[in-house]
Amino acid sequence: MNLLEDLNERQKEAVLATEGPVMVMAGAGSGKTRVLTRRIAYLIKEIGINPFNILAVTFTNKAALEMKERITNLLGIDTKFMWVSTFHSFCARFLRVEAKHIGGMYTANFQILDDEDSLKAVKNVLKNKSYKDDIKPQVFKTWISNSKNMPDFQLADPYKMQIFTEVYKEYNEYLANNNAFDFDDLILKTVEIFKKERDILYKYQDKFNYILVDEFQDTNKVQFELICLLAAKHQNIFVVGDEDQSIYSFRGALVTNVKRFREVFPFTKLILLEENYRSSKAILDLANKVIKNNTDRVEKNLYTSKIDSIKPYYYETSTSYEETLFVLNKIKELLDKGYSYKDFAIMYRANYISRNFEDVFIKNQIPYVIYGGFSFFARKEIKDMIAYLRLILNNDDNLSFLRIVNEPKRKIGGTTLEKLDKLASLNKISLFKAIDLIANNNLTKFKEMILDLKTKVDEISICDFYDLVLEKTMYLDYLKANDEEDRIENVNEFKSVLDEAKDTYEGNNSNILANLLLDLSLRTNTDDKSDNDEVVKLMSFHQAKGLEFKVVFMVAMEEGIFPSGNTFSPSDLEEERRICYVGITRAEERLYLTSCKNRLMYGHYESNPPSRFIREMGLLGNIKKKVISVNTKEIVEKEQVDNKVIFKLGDKINHKIFGDGVVVSVDGNYIKIAFKVPYGIKTLLASHPSIIKITK
DNA sequence: AGGTCTTTCCTTTTT
DNA sequence: GGAAAGACCT
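Residues numbered from 1 in each chain as written. Chains lettered and ligands numbered in written order. Predicted model: local features only at pLDDT ≥ 70, side-chain atom pairs only at ≥ 80, totals over all residues. Heavy atoms only, no water.

## Digging into the overall build of chain A
Link 1 in the chain: Looking only at helices and strands, chain A has 27 helices and 20 strands in total.
Link 2 in the chain: The 696 residues of chain A split such that 52% are buried.
Link 3 in the chain: Restricting the contact set of chain A to residue pairs at least 6 apart, pairs at least 24 apart contribute 74%.
Link 4 in the chain: When the accessible surface of chain A is summed, it comes to about 32800 Å², and 51% of that surface belongs to carbon and sulfur atoms. (Helix = DSSP H or I, 4+ residues; strand = E, 2+ residues; numbered from the N terminus. Buried < 20%, exposed > 50% of the residue type's maximum accessible area, 1.4 Å probe, protein only. Contact = heavy atoms within 4.5 Å. Areas by Shrake-Rupley, 256 points an atom, 1.4 Å probe, with all protein chains shown as cover.)

Structure representation (structure tokens):
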């Protein structure tokens, strides 16, 4: 195949400019992944570059996987061991090779802690601190992460800064003692080694002659530094990004890196991709109208050659419940017009918005999936099993030991473990080894079980071994006893991951397992099958990035929700606006925006004006008043509610006995009313004939 | 050590 | 309103 086929002039330029620094500003839907993969293929096939001299980094496993797949399709080569990966897995792969330069007690088989694990580490550090109740562990964790990712991290309050500094230090020591890194460390340590050990830097600079970075606008300070270090010598650095889609600054992403890049590499060739192949003209117009309000950006205007388009609509409903019905009915209507479930996506600013839709979809038998939530590998039962396997392979793994020593319950409590911990640190041995120094039958039994399992690893197949672990640890029995159907299914599903490992890793079972276990923390949900499933998708705008759908509903478009109530500075607002831009540009054919006057939230009604973004789109004068009428049970229920008098906060009422009062909360069929003394606040059935609304 | 009662939270979260 | 973590009790 001709690698320049079906590319426009700008895209061709981006593929062909193989030498020197190149920055591609790729608008939404302008074919950036296509450019990236064609360029890699071009480097290999036309220029003759060895695939192992190319480094391509992305932010998600999914993006990395997709890139590899596309390269395989273009060139028919095996991409399994190519350096096409996320920032984190690139760094992990590097650190496993160069572990001896990390310093401290780190070895090549370091563990990678996920968010839950590192929060546990913070809690462990805080355990004996006098200030442990003043500031939550999660807050410390966020600070730790920020200080590892953001430039000049500082806390304004000197006292807080002081205790933070202490926790930060001890947290890092705790990790080091356990041969563990958190996600941020992976990148930080890699950069540290490159800065400290020049020979190693030169080696990798020579290895990676061509570097490509996807979603460049999302790089943080350290990631930017990493790229600059690696590319400093050959300068063949190709970055693709879109300032307007930078929506992760709360995690340290610096949009300013886009500007800085051109300072660091003054001879950067700049290429703008503005032709959009995804959305209709009307949808693009809305996106352009909104993003125009951001001041701090390079002027860029997406255009399309698609002419026919369906106008995007904004609907305001009375309640959040009606909002869900509107979406439901619109989906049904469009299904009749030939759309199928997979064509629809419902997007919102905050995940809790999904609940309303879930309820309505279940009742009306609309197939759906909610994106996000826990990754398979982050589930408790899976992490427990991983901990068992780790401990069996490496008895000195204290973190795994602590995780499962009393899971399921073996009557090994906090006091016992504290004693064990003291003995272990006194004798400088692992917790597992310290069991010998303590007379505790439960611990001894546990130790024998683990050692017994250890003798079996290489005797039987990996799956049989895993079954044995499930049995001997009593874990499966414990799940069965508690009727944990989902968890039982998950621990069984984990077998397929173990089974796959045979094809990826080499050696005996112990080796295969050990290597697999080291890689698991960076694995996320691999089932990208769901993308094509015949279901409606519900997701946050953040989760929607990179995806596209024929029909998009942007719901809960209300001030306080979107832009979020936590938007304070002008730059916060600009980020919210970019989130909005990402949302709009996901839509191919139809876009519906909704808001409601009264939203049921946290058990009571709240009223917010429509989002300012609706006004910026020029849709405010364009409200479609639509009477919802579809014959479903839902609607019947709804009409019954309508027959009653609806009370909202602040309504003045009169009660036959208690006299005048004001509604102070609405709770389903019940309302709370503040009456004059001596009656006070009463909770009453809203439909009770004794209550009469006297205003409005 | 483990059950139950009470308090707390409720923006986004690629790894 | 509701889940989930923490406090409290035995």
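## Describing a negative patch on the surface
Link 1 in the chain: Side chains of Asp483, Glu485, Asp486, Glu489 and Glu493 sit close together on the surface and give a patch of like negative charge.
Link 2 in the chain: Mapped onto the elements, glutamate 493 comes out in helix α22 (residues 485-504). (Patch = residues over 30% accessible without salt bridge, like charges linked within 9 Å, V, L, I, M, F, W, Y side chains within 5 Å. Salt bridge = Lys/Arg side-chain N within 4 Å of Asp/Glu carboxyl O. Lys, Arg positive; Asp, Glu negative; His and termini not counted. Charge placed at Lys NZ, Arg CZ, Asp CG, Glu CD.)

## Notes on the sheet that holds strand β2 (residues 54-58)
Link 1 in the chain: The strand order β3-β2-β6-β7-β1-β8 describes an open sheet built from six strands, whose pairing is parallel. Unpaired on one side and paired on the other, β3 (83-86) and β8 (269-273) mark the two borders of the sheet. Taken pair by pair, the neighbouring strands of this sheet meet at an average axis angle of 15 degrees, ignoring direction.
Link 2 in the chain: Looking at chain direction, β2 and β3 are connected through four bridges and run parallel. By the bridge assignment for β3, threonine 58 is matched with threonine 86.
Link 3 in the chain: The sheet strands contacting helix α3 (residues 61-75) are β2 and β3, and the helix crosses β3 at an angle near 155 degrees.
Link 4 in the chain: Strands in contact with helix α10 (residues 221-231) are β2, β6 (210-213) and β7 (237-241); relative to β6, the strand with the most contacts, it is inclined by about 160 degrees. (Pairing = 2+ DSSP bridges. Axes fitted to C-alpha atoms, helices over the stretch in contact; angles between N-to-C directions.)

## Observations regarding the pattern of salt bridges
Link 1 in the chain: Here the structure, examined in full by the defined rule, presents 48 salt bridges.
Link 2 in the chain: Residue lysine 195 is joined to glutamate 225 by a salt bridge in which the shortest nitrogen-to-oxygen separation is 2.5 Å. Highlighted residues: lysine 195 in helix α8 (residues 183-196) and glutamate 225 in helix α10, separated in sequence by 30 residues.
Link 3 in the chain: Classification of lysine 195 as partly exposed rests on a relative accessible area of 43%.
Link 4 in the chain: Between aspartate 384 and lysine 380 there is a salt bridge, and its shortest N-O distance comes to 2.7 Å.

## Details of the side chain of serine 540
Link 1 in the chain: Structurally, the position occupied by serine 540 is in strand β12 (residues 536-540).
Link 2 in the chain: In this structure serine 540 comes out as buried when scored by relative accessible area, which is 6%.
Link 3 in the chain: Serine 540 has contacts with Tyr348 and Asn351, leaving out every residue within four places of it along the chain.

## Digging into the protein's contact with DNA strand B
Link 1 in the chain: In the vicinity of DNA strand B, 28 residues are found, and the nearest of them are Lys136, Arg349, Asn351, Gly413 and Ser540.
Link 2 in the chain: Backbone atoms, meaning sugar and phosphate, form 56% of the atoms of DNA strand B found within 4 Å of the protein.
Link 3 in the chain: At 2.3 Å from a base oxygen of DNA strand B is found a side-chain nitrogen or oxygen belonging to arginine 349.
Link 4 in the chain: A distance of 2.7 Å is found between a phosphate oxygen of DNA strand B and a backbone nitrogen or oxygen belonging to asparagine 351.
Link 5 in the chain: Class assignment of the residues belonging to the surface near DNA strand B gives a composition of eight nonpolar, 14 polar and six charged. (Near = heavy atom within 4 Å. Polar contact = N/O pair within 3.5 Å; in protein donor to acceptor, adjacent residues only side chain to side chain. Nonpolar A, V, L, I, M, F, W, Y, C, P; charged D, E, K, R; others polar.)

## Remarks on α22
Since the α-helix packs 3.6 residues into each turn, any two residues three or four apart lie on the same face.
Link 1 in the chain: Under the 1.5 Å per step criterion, the end-to-end length of α22 is 30 Å for 20 residues, consistent within 8% with the ideal 28 Å.
Link 2 in the chain: Among the residues of α22, Ile488, Asn490, Val491, Phe494, Val497, Leu498 and Ala501 are the ones counted as buried. All buried residues of α22 fall inside an arc of 155 degrees around its axis, so they share one side. The exposed residues of α22 that point more than 90 degrees off its buried face are Glu485, Asp486, Glu489 and Asp503.
Link 3 in the chain: In the core, the buried residues of α22 are packed alongside α15 (380-393), α20 (462-472), α21 (475-481) and α23 (509-519). (Expected span 1.5 Å × (residues − 1). Arc of directions from axis to C-beta.)

## Some thoughts on unusual backbone geometry
Link 1 in the chain: Between glutamate 407 and proline 408 the backbone carries a cis peptide bond, its omega angle lying at 0 degrees.
Link 2 in the chain: Tracing the backbone through its elements, the reader meets proline 408 in the loop between α16 (398-404) and α17 (414-427).
Link 3 in the chain: Omega for the peptide link from phenylalanine 562 to proline 563 comes to 0 degrees, which places this bond in the cis form.
Link 4 in the chain: By the element assignment, proline 563 lies in the loop between β13 (549-554) and α25 (570-584).

## Quick word on the packing of aromatic side chains
Link 1 in the chain: Going through the model one piece at a time under the given rule, you end up with 35 aromatic pairs.
Link 2 in the chain: Ring pairs connect the aromatic residues Tyr313, Tyr315, Phe326, Tyr339, Phe344, Phe553 and Tyr592, which therefore count as one cluster.
Link 3 in the chain: Here the basic side chain of arginine 93 rests over the ring of tryptophan 83, its NZ or CZ set 3.5 Å away from the ring centre. (Phe/Tyr/Trp six-rings, centres within 6.5 Å; stacked < 30°, edge-to-face > 60°. Lys NZ or Arg CZ within 6 Å of the ring centre and 35° of its normal.)

## Observations regarding the packing of helix α5 (residues 115-126) against helix α6 (residues 137-149)
Link 1 in the chain: As a packed pair, α5 and α6 sit with axes 9 Å apart at the nearest point and diverge in direction by 110 degrees. Relative to α6, the element α5 is oriented roughly perpendicular. In the packing of α5 onto α6, the handedness of the crossing is right-handed. When α5 is examined against α6, the residues Asp115, Ser118, Leu119, Val122, Lys123 and Leu126 are found in contact with a partner set consisting of Pro137, Gln138, Phe140, Lys141 and Ile144. (Parallel < 35°, antiparallel > 145°, perpendicular 65-115°, else oblique. Left-handed = near helix turned anticlockwise from the far one by under 90°.)

## Quick word on the pairing of strand β14 (residues 587-601)
Link 1 in the chain: Across the 15 residues of β14, 12 count as buried, placing the element largely inside the fold.
Link 2 in the chain: Relative to β14, strand β9 (residues 313-319) is paired through six bridges, and the arrangement is parallel. Residue pairing in the sheet places tyrosine 313 in a bridge with tyrosine 592 of β14.
Link 3 in the chain: Pairing of β13 with β14 involves five bridges; the strand directions are parallel. Following the sheet pairing, valine 551 is matched in β14 by arginine 590.
Link 4 in the chain: Relative to strand β15 (residues 604-606), β14 runs antiparallel, the two sharing three bridges. The partner of arginine 599 across the bridge, within β15, is glutamate 606.

## Some remarks on the confidence of the model for chain A
Link 1 in the chain: Confidence in the prediction of chain A, expressed as mean pLDDT, is 87, and 90% of residues score 70 or more.
Link 2 in the chain: When mean pLDDT is taken per element in chain A, β6 scores highest with 97 and helix α27 (residues 633-643) scores lowest with 31.
Link 3 in the chain: Contacts for the low-pLDDT stretch residues 624-644, under 50 throughout, to residues beyond four places or in other chains number 29 contacts. (pLDDT = per-residue confidence, 0-100.)

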